[in-house]
Amino acid sequence: MLISYLVIGIIPLLFYSFNLSQTLQNYFEDTNEKEVLYQANKIAGSIQKADYLTDKSKQEMFWNELSEKSIEENFRIIVVDANAVVAADTNNMAIGQIYMVPEILVALAGRDEANLRKDEEAIYASAYIEDDASHKIGAVLVISSFSEVYQLISELYRKWIFMTIVIGVIIIALVVFMSQVIFDPLKNILATIKKISSGQFHQRIELKGKNEFTELGEAVNTMTQRLEEVDKSRQEFVSNVSHELKTPLSSIKVLSEAMLLQDNIPEETYKEFLLDINSEVDRMTDIVNDLLALARLENNENSLHIREVDVNKMLRDIIKRLQPLAETKNIDISFEAAKEVKVDADEVKLSLAISNLVDNGIKYTPVDGKVKVSVDADNQDCFITVQDSGIGISEQEQSRIFDRFYRVDKTRDRETGGTGLGLAITHSIIMLHNGSVKIISGEGEGATFIVRMPLKLKQD
Ligand code: ADP
């Protein structure tokens, strides 16, 4: 990460600064060479025109002029005759000597030239001087120091390098900062997720501050909590199933052992024992059947056979079927329809769901009570209400009665013969139909279950 950021950030910068300084240097070299050559030409032209080289009387004044110019422009100007003998030198050094540099030789040969001498950091520009007959009678050499430009460029270089270092430091600081602010929390979250996926559902991500990562952590924590709950309820379920099946099994064991150990048992006692065994087997069969029904509901979520169901007819059928049961307790079971209602539903399953509610209404209502089933609808939903005048359900139990095997009163329910799975089945079925179940009740106040279901089921 650090390296890639450094590469991405610094290499282009270095490349750019190198390129720019190179271009700048070329530009300066070029323009300076031209400028110095132009100056050399101008001086050569003046000398030629006024004949300063041969006419000694005018010379002095012009040489003075040249010195001034050389100081002004920071040039060294050397004038030589046809034999390369120095006639004037603004540095006053080479006068009378032969000064033979390549540029002078080239000029005396009839060609103007400008060269940059990198070792001396100077530009040498030369121009020839002619007489009227086009004979080369001398040459002008202008030497212009280039060190200032070099200094400028190296100064620029230094600044760029400084900038590069500063940017590098900023990038390093940024990466360190990011690794602490972004990568550390991410690593932390990842490590916890790994532990969670290996089955350690009690693990939680430590949340510090408030940012996107703590939000992510929160989401993971919520998910893990849910997983933990599911895992716990799975374990509970297994132990509940075992427990539920163990009770009838132990009864059967006791009854059968009693019969085996006793000799000469009267036939009636035998029958009595066998009847007991039979009812325990029935109980186990009920539990297993309900469990299978639940498992099917939970596994094949899309296996609803949806048809248009006449709800009023379905409810009347349910009541008819359960009427004999209600009669055993002298319970008045009634039906009230606000209108004819038809819903898209799996009739067999929906009928089972509502039967469970009506069955419970009868089971948990004392003798001479009332159970009322009613149906209504608005333009979206259908409402089926099962109301009883029974023992009711306290508020804190209401959230739990849909759990598998949950019973408010264990001992009584063994008498009523429930498996504790009826409401779980009802709930699953209503959920599959995208509906909901609401309970209105309180202890001793009777219970009302309101099932809401969409009239038209949009299946995905
Ligand atoms: P069960 O087979 O025991 O009836 P359910 O899942 O149908 O199991 O119901 C779970 C528990 O909810 C029951 O054991 C009972 O305690 C309570 N319950 C359900 N329906 C009613 C009701 N209409 N009135 C009072 N309590 C009820």
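Quantities reported herein were computed from a predicted structural model and do not represent experimental measurements.

Quick word on the site of the ligand
Around the ligand lies a shell of 20 residues, among which Asn 360, Tyr 364, Asp 388, Gly 420 and Leu 423 are the nearest. Between the ligand and Lys 363 there is a distance of 3.1 Å, counted from an oxygen atom to a side-chain nitrogen or oxygen. The contact in question runs from an oxygen atom of the ligand to an N or O atom on the backbone of Leu 423, over 2.8 Å. Against a free-state accessible area of 530 Å², the protein chains account for coverage of 98% of the ligand. Elements represented by at least two residues in the shell around the ligand include exactly helix H8 (347–363), helix H11 (422–432) and strand E12 (447–454).

A closer look at the packing of aromatic side chains
Counted under the stated rule, the structure contains four aromatic pairs. Ring centres 5.9 Å apart and planes at 50° place the aromatic pair Phe 62 and Trp 63 in the tilted group. The pair Phe 62 / Trp 63 is uniform in exposure class, with both members buried. For Arg 117, the ring lying beneath its charged end belongs to Tyr 124, and the centroid distance is 3.9 Å. The lysine or arginine in question, Arg 404, covers the ring of Phe 237, its NZ or CZ lying 4.1 Å from the ring centre.

Quick word on the sheet that holds strand E4 (residues 122–130)
Across the sheet, which stays open at both edges, the five strands sit in the order E2-E1-E5-E4-E3 with antiparallel pairing between neighbours. Each edge of the sheet is formed by a strand with only one pairing partner; in this case those strands are strand E2 (86–89) and strand E3 (113–117). Neighbour to neighbour, the strand axes of the sheet diverge by 15° on average, direction disregarded. Along the sheet, helix H1 (residues 2–50) makes contact with strand E1 (75–81), E3, E4 and strand E5 (136–145), crossing E4 at roughly 30°.

Here we look at H11
The buried count for H11 comes to eight of eleven residues, which makes it a mostly enclosed element. Taken together, the buried positions of H11 are Leu 423, Ala 424, Ile 425, Thr 426, Ser 428, Ile 429, Ile 430 and Leu 432. Residues of H11 that are buried sit in contact with helix H6 (267–299), H8, strand E11 (436–441) and E12. Note on H11: the residue one or two positions beyond its end, Asn 434, has a positive phi of about 60°.

Section: the pairing of E4
Among the nine residues of E4, eight are classified as buried, and the element is accordingly described as predominantly covered. Of the pairings in the sheet, the one linking E3 to E4 comprises five bridges and is antiparallel in character. The partner of Arg 117 across the bridge, within E4, is Ala 122. Count of turn residues in the E3/E4 antiparallel hairpin: four residues, of which Glu 121 carries a positive phi of about 50°. Examined bridge by bridge, E4 and E5 share nine bridges and lie antiparallel to one another. Looking across to E5, one finds that Tyr 124 is bridged to Ile 143.

Some remarks on the pattern of salt bridges
Within the structure shown, the criterion is met by 22 salt bridges. In this structure, Lys 456 and Asp 344 form a salt bridge, with 4.0 Å as the shortest nitrogen-oxygen distance. Placement of Lys 456 in the segment after E12 and of Asp 344 in strand E8 (residues 342–345) is noted, with a sequence separation of 112 residues between them. The class for Lys 456 is exposed, based on a relative accessible area of 57%. On the basis of relative accessible area, Asp 344 is assigned to the buried category, the value being 16%. For Asp 346, the salt bridge identified is with Lys 349, shortest N-O distance 3.1 Å.

A look at unusual backbone geometry
Unlike most non-glycine residues, Asn 264 shows phi in positive territory, near 50°. On the secondary structure map, Asn 264 appears in the loop between helix H5 (212–261) and H6. Take Asn 264: its relative accessible area is 77%, and that puts it in the exposed class. In this model, Asp 368 sits at a positive phi of 70°, which is unusual for a non-glycine residue. According to the relative accessible area criterion, Asp 368 is exposed, its value standing at 53%.

Section: the sheet that holds E11
In spatial order, the strands read E7-E9-E10-E12-E11; together these five strands make up an open sheet with mixed pairing. Whereas interior strands pair on both sides, the edge strands pair on one side only; in this sheet they are strand E7 (332–337) and E11. Between one strand axis and the next, the sheet turns through 15° on average, direction left out of account. Where strand E10 (residues 381–388) lies against E12, seven bridges are found, and the strand directions are antiparallel. Looking across to E12, one finds that Asp 381 is bridged to Pro 454. Packing of H8 onto the sheet brings it into contact with E7, strand E9 (370–377), E10 and E12, and relative to E10 it is tilted by some 25°. Of the strands in this sheet, E11 and E12 touch H11, which is tilted by about 135° from E11.

What counts and what doesn't
Residues numbered from 1 in each chain as written. Predicted model: local features only at pLDDT ≥ 70, side-chain atom pairs only at ≥ 80, totals over all residues. Heavy atoms only, no water. Near = heavy atom within 4 Å. Polar contact = N/O pair within 3.5 Å; in protein donor to acceptor, adjacent residues only side chain to side chain. Areas by Shrake-Rupley, 256 points an atom, 1.4 Å probe, with all protein chains shown as cover. Helix = DSSP H or I, 4+ residues; strand = E, 2+ residues; numbered from the N terminus. Phe/Tyr/Trp six-rings, centres within 6.5 Å; stacked < 30°, edge-to-face > 60°. Buried < 20%, exposed > 50% of the residue type's maximum accessible area, 1.4 Å probe, protein only. Lys NZ or Arg CZ within 6 Å of the ring centre and 35° of its normal. Pairing = 2+ DSSP bridges. Axes fitted to C-alpha atoms, helices over the stretch in contact; angles between N-to-C directions. Contact = heavy atoms within 4.5 Å. Salt bridge = Lys/Arg side-chain N within 4 Å of Asp/Glu carboxyl O.

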